[in-house]
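Residue-level listing of the chains:
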Amino acid sequence: MQRDRCATAVDGARLRYQLDGSGPLVVFTHGLGSHLDAWEPTVEALRDRYTVLIWDVRGFGGSDRRPDTMAPETWAADLAAVLDEVGADDAVIAGFSMGGVISQRFVLDFPARTRALILISTSSEVNELAEAGWNARADTIERDGLAKVLAPAGPAVSHGKEYRERHAEEIAEAARLSIERNDAASYAAACRAVSNIDYTADLETITCPTLILQGLEDAVTPPGGSVIMSRRIPSAQLVMLDNCGHWIPTERPDAFHAAVDAFLTEAL
């Protein structure tokens, strides 16, 4: 069992992380409302060949909350502080959903520290309609609490049809735990932090090997966003998974780990 460790951000915020395995360092960053435990199956799948670092993004899990400080640039700097703590000059940077936003910001701000990049169920820009939706979501949370937006019916639509039909109880339990574990102010702040990103024009500067993973039934970050990223990032590999929604590591774990392992074997 991995042991919790702590890194300190530039502003003194405490950042929880875990480290396991041996070999090249690969960092996985979780999505909105999640925490490092979500990556336990991935750690198990990769730890024999890679050193796997998982961490709680500021505002979530065991890291400090500080909702008034949350922004992609801050999260990227936090990840750099975690790498400093473990003595790593660089690493493979992987991120799911919001974690993919953080990973993009990290490679843009710290290109020399990004050995390779893995973007999972994410996008490089948010249009006006989606921006309004994120801010409305934050408003609802601040007014009515997390249960209003994280009830099972909400998270269920982010999964593919087949997974929804077979795993309704697991989805409902995950929603319950998310409501229980998360801080409303931090969750709302994170919604606002990702509501207006636009990194697309900057993606052309990314020179490291890049893998983009996308579920074809993803209603949260539709496939078009991954196509845009794949066309902007030089030599990016795009893998589209059928029968899969937003939660690729959960819905298609075998395919996810196989794609990551194949990419890392080639890139490192």
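Structure's up top.
A short tour of the structure in this document, coming up.

### Quick look at the environment of G59
- Along the chain, G59 turns up in the loop between β4 (51-55) and α2 (72-86).
- Its relative accessible area of 0% is what places G59 among the buried residues.
- Between the alpha carbons of G59 and N182 there is a distance of 8.5 Å; along the sequence they are 123 residues apart.
- Residues within four places of G59 in sequence aside, it is in contact with D64, R65, M70 and S186.

### Here we look at helix α4 (residues 128-144)
- For α4, spanning 17 residues, the distance from its first C-alpha to its last is 24 Å, which sits close to the expected 24 Å at 1.5 Å a residue.
- By the burial criterion, the buried members of α4 are A138, T140 and I141. Projected onto a plane normal to the axis of α4, the buried residues spread over an arc of 160° and lie on a single side. In this structure, α4 carries E128, L129, E142 and R143 as exposed residues pointing more than 90 degrees from its buried face.
- In this fold, the buried residues of α4 make contact with α5 (147-150) and α9 (184-193).
- Capping of α4 at its N-terminal end is provided by N127; its side-chain oxygen lies 3.2 Å from the backbone amide nitrogen of L129.
- G145 occupies a position one or two residues after α4 and carries a positive phi of about 95°.

### Quick notes on the packing of aromatic side chains
- This structure, assessed with the given rule, holds 4 aromatic pairs.
- Of the aromatic side chains, those joined through ring pairs into one cluster are F28, W39 and F256.
- Its guanidinium or amino end placed over the ring of Y199, R105 lies 5.0 Å from that ring's centre, counting from NZ or CZ.

Rules and cut-offs
- Residues numbered from 1 in each chain as written.
- Predicted model: local features only at pLDDT ≥ 70, side-chain atom pairs only at ≥ 80, totals over all residues.
- Heavy atoms only, no water.
- Helix = DSSP H or I, 4+ residues; strand = E, 2+ residues; numbered from the N terminus.
- Buried < 20%, exposed > 50% of the residue type's maximum accessible area, 1.4 Å probe, protein only.
- Contact = heavy atoms within 4.5 Å.
- Expected span 1.5 Å × (residues − 1).
- Arc of directions from axis to C-beta.
- Polar contact = N/O pair within 3.5 Å; in protein donor to acceptor, adjacent residues only side chain to side chain.
- Phe/Tyr/Trp six-rings, centres within 6.5 Å; stacked < 30°, edge-to-face > 60°.
- Lys NZ or Arg CZ within 6 Å of the ring centre and 35° of its normal.

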